[in-house]
Amino acid sequence: MNDIFPFIYMICILIFQRMGELLIARKNEKWMKLQGAIEFGEKHYRSIVLLHVLFFISLIVEKIMFNQGLSSFWPVILMIIIIVQILRIWVICTLGKYWNTKIIVQPHAKIIQNGPYKYIKHPNYLVVITEIMMIPMLFQCIWTSVIFTIINLYLLSIRIQEEEKALNSLTEYKRAFQDCNRFIPKIVK
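Quick summary incoming for the structure in this document. (Residues numbered from 1 in each chain as written. Predicted model: local features only at pLDDT ≥ 70, side-chain atom pairs only at ≥ 80, totals over all residues. Heavy atoms only, no water.)

So, on to the overall build of the protein. Each helix and strand counted, the protein has 6 helices and 2 strands in total. Starting at the N terminus and ending at the C terminus, the protein contains elements arranged as α-β-α-α-β-α-α-α. Relative to its length of 189 residues, the protein is compact, with a C-alpha radius of gyration of 18 Å against a globular reference of 16 Å. Overall size of the protein, expressed as C-alpha extent along the three principal axes, is 55 × 40 × 25 Å. Counting all 189 residues of the protein, 45% fall into the buried class. Of the contacts formed within the protein by residues at least 6 apart in sequence, a portion of 85% connects residues at least 24 apart. When the accessible surface of the protein is summed, it comes to about 11300 Å², and 68% of that surface belongs to carbon and sulfur atoms. Taking the 21 positively charged and 12 negatively charged side chains of the protein as two groups, their mean positions are separated by 5 Å. (Helix = DSSP H or I, 4+ residues; strand = E, 2+ residues; numbered from the N terminus. Rg over C-alpha atoms; globule rule 2.2 N^0.38 Å. Buried < 20%, exposed > 50% of the residue type's maximum accessible area, 1.4 Å probe, protein only. Contact = heavy atoms within 4.5 Å. Areas by Shrake-Rupley, 256 points an atom, 1.4 Å probe, with all protein chains shown as cover. Lys, Arg positive; Asp, Glu negative; His and termini not counted. Charge placed at Lys NZ, Arg CZ, Asp CG, Glu CD.)

Structure below.
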């Protein structure tokens, strides 16, 4: 099966989506800072942006060089990708003006505990982890999946600590999420 057109469509959709997210984030950042919000983690943010840019470059290069075709599990992988896109939209809608690609915390803001945040602390990072792992797997770009999943997990380990530290210092985050896991939903209380 010729998968070059699905690949091009997927890349175009993802790049368009990322550009839209950056516009939303920039608008939200301006609003939050006008409300007195403080930015944290500026140093590692550049590394995260670089990771995402290099991810797309690696994905395209690996696809062009090796062109392994679609995975034989493509229906399952595509369904996972669609589910995490729905989760991403749910996260953005739930956080509203507080959603951002940066760590920006408004002192004494009420912690949002509805939507996906009712079940886990970091649904947005779960989306990113899943995407970086699964999108390359859809097109059998194994090297991109493995390398960028490892780098992403390392950077997120830094980012999540920084984010939770910032939230704990300026809000009631720790108390609000004391019974909630980072990525695995608590089914039973």
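What follows deals with the layout of surface pockets. The calculated volume of the largest pocket comes to roughly 1000 Å³. Along the walls of the largest pocket sit 43 residues, with Asn100, Thr101, Lys102, Asn124 and Arg159 positioned nearest its centre. Going through the elements one at a time, helix H1 (4–34), helix H2 (42–66), helix H3 (74–95), strand S2 (103–105), helix H4 (123–138) and helix H5 (142–170) are the ones with two or more residues in the lining of the largest pocket. With 7 residues, the single largest contributor to the lining of the largest pocket is H2. Of the residues assigned to the lining of the largest pocket, the class counts are 26 nonpolar, 8 polar and 9 charged. (1 Å grid on protein atoms, 1.4 Å probe; cavity = no way out; pocket = protein on both sides within 12 Å on 5 of 7 lines; lining within 4 Å. Points joined across faces, edges and corners; volume = space filled by probe spheres on them. Nonpolar A, V, L, I, M, F, W, Y, C, P; charged D, E, K, R; others polar.)

Counted by the stated rule, this structure contains 5 aromatic pairs. A ring pair is formed by Phe55 and Phe56, whose centres lie 5.5 Å apart and whose planes are at 70°; its orientation type is edge-to-face. Here Phe55 and Phe56 have matching classes, each one buried. Aromatic pair Phe55 and Phe148: ring centres 5.9 Å apart, planes at 75°, arrangement edge-to-face. Taken as a pair, Phe55 in helix H2 and Phe148 in helix H5 lie far apart in primary sequence, 93 residues in all. As far as the burial class goes, Phe55 and Phe148 line up, both buried. (Phe/Tyr/Trp six-rings, centres within 6.5 Å; stacked < 30°, edge-to-face > 60°.)

Positive phi values are uncommon outside glycine, yet Asn67 reaches one of about 30°. Mapped onto the secondary structure, Asn67 falls in the loop between H2 and H3. Within the chain, His108 stands out as a residue other than glycine whose phi angle is a positive 65°. On the secondary structure map, His108 appears in the loop between S2 and H4. With a relative accessible area of 75%, His108 lands in the exposed category.

All right, on to a nonpolar patch on the surface then. Taken together, the side chains of Val49, Leu50, Val53, Leu54, Ile57, Val61, Met65 and Phe66 present a nonpolar region at the surface, about 710 Å² in accessible area. Here Ile57 lies in helix H2. (Patch = residues over 30% accessible without salt bridge, like charges linked within 9 Å, V, L, I, M, F, W, Y side chains within 5 Å. Salt bridge = Lys/Arg side-chain N within 4 Å of Asp/Glu carboxyl O.)

Before going further, it helps to spend a moment on the packing of H2 against H4. Where H2 contacts H4, the axes come no closer than 11 Å and their chain directions differ by 15°. When the axes of H2 and H4 are compared, the pair comes out roughly parallel. Seen from above, H2 lies across H4 with left-handed handedness. When H2 is examined against H4, the residues Leu51, His52, Phe55 and Leu59 are found in contact with a partner set consisting of Val128, Glu131, Ile132, Ile135 and Pro136. The class makeup of the residues in the contact of H2 with H4 is 7 nonpolar, 1 polar and 1 charged. (Axes fitted to C-alpha atoms, helices over the stretch in contact; angles between N-to-C directions. Parallel < 35°, antiparallel > 145°, perpendicular 65-115°, else oblique. Left-handed = near helix turned anticlockwise from the far one by under 90°.)

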